[in-house]
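Report on the structure
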Amino acid sequence: GLNALDTLKRVSLVVGFVILVCIFAVVALLVTMGSSQSRLAAEDARRQFTSLMELQARQLSVQTLDYSNWDESIDALLAKKDRAWWNKNAGEYAVSTFDLSFSMVFDADDQVLFAAVPLHKALDLEKLRVSEALKSILKNARSRPLVGPAEQGAAAGFIQLDGQLYSVSAVRFRPESS
């Protein structure tokens, strides 16, 4: 009888060990699956965020192109420096109507000709003007062709200023005939 009891103890010990190994395997599998699900969810969220940012950049580029590819805006802003026209169109009007954080016109030397920000937003336009990210976007816009499809003329990117991220689009003025 002692031999059978020893055998039963050994079998119970082996079965207990196998059960313990199975529990650890199941726990490891659950942790791996949870980690994989988290990674997939994070990748999906990143993809959706990127798509949303690209859509916003395209829409902003369309608005920017609309004002830059217009003979009247070239005449009013570049030739006449007409502040009233600016405010009624690409300045205060555009900022309030399209809920923009800012709207600006630069000369060839990156000096601000016109600028508008919402009344409720304190934005340091000088800090923005000297930002390397904005300079890069302006340089990119100036390298784009003046002739050809308008969508090739817009340069878009992001600028971080005082902890806030801004989607920015820049284009060169181009006559309507181009």
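Okay, so let's go over this structure. Remember, predicted model here, so these are calculated numbers, not experimental data.

With that settled, consider the overall build of the protein. Tallying secondary structure elements over the protein gives six helices and four strands in all. Listing every helix and strand of the protein by position from the N terminus yields α-α-α-α-β-β-α-α-β-β. Scaling as 2.2 N^0.38, a compact globule of 178 residues should have a C-alpha radius of gyration of about 16 Å, whereas the protein reaches 30 Å, well beyond that. By its C-alpha atoms, the protein is 110 × 35 × 30 Å across when sized along the principal axes. Each of the 178 residues in the protein was classed as buried or not, and the buried ones make up 28%. Taking the contacts inside the protein whose residues are at least 6 apart along the sequence as the reference set, 54% of them involve residues at least 24 apart. Summing over all exposed atoms, the protein offers an accessible surface of approximately 11,800 Å²; the carbon and sulfur share of this is 60%.

A separate point is the pairing of strand β3 (residues 155-161). Taking every second residue as pointing to the same face, the buried face of β3 carries Ala155, Gly157, Ile159 and Leu161, while none of Ala156, Phe158 and Gln160 on the other face is buried. Pairing of β3 with strand β4 (residues 164-170), which is carried by seven bridges, proceeds in the antiparallel orientation. Note on β4: the bridge partner recorded for Ala155 is Ala170. Following β3, the chain reverses through two residues before pairing antiparallel with β4; Asp162 in that reversal takes a positive phi of roughly 50 degrees.

The next subject is the pairing of strand β1 (residues 103-106). Side chains Ser103 and Val105 of β1 all project onto a buried face; the interleaved residues Met104 and Phe106 project onto the opposite face, where all are buried too. Across four bridges, the pairing between β1 and strand β2 (residues 112-116) is antiparallel. Looking at β2, one finds that Ser103 is bridged to Ala116. Connecting the antiparallel pair β1 and β2 is a turn made up of five residues, with Asp110 showing a positive phi of about 65 degrees.

What counts and what doesn't
Residues numbered from 1 in each chain as written. Predicted model: local features only at pLDDT ≥ 70, side-chain atom pairs only at ≥ 80, totals over all residues. Heavy atoms only, no water. Helix = DSSP H or I, 4+ residues; strand = E, 2+ residues; numbered from the N terminus. Rg over C-alpha atoms; globule rule 2.2 N^0.38 Å. Buried < 20%, exposed > 50% of the residue type's maximum accessible area, 1.4 Å probe, protein only. Contact = heavy atoms within 4.5 Å. Areas by Shrake-Rupley, 256 points an atom, 1.4 Å probe, with all protein chains shown as cover. Pairing = 2+ DSSP bridges.

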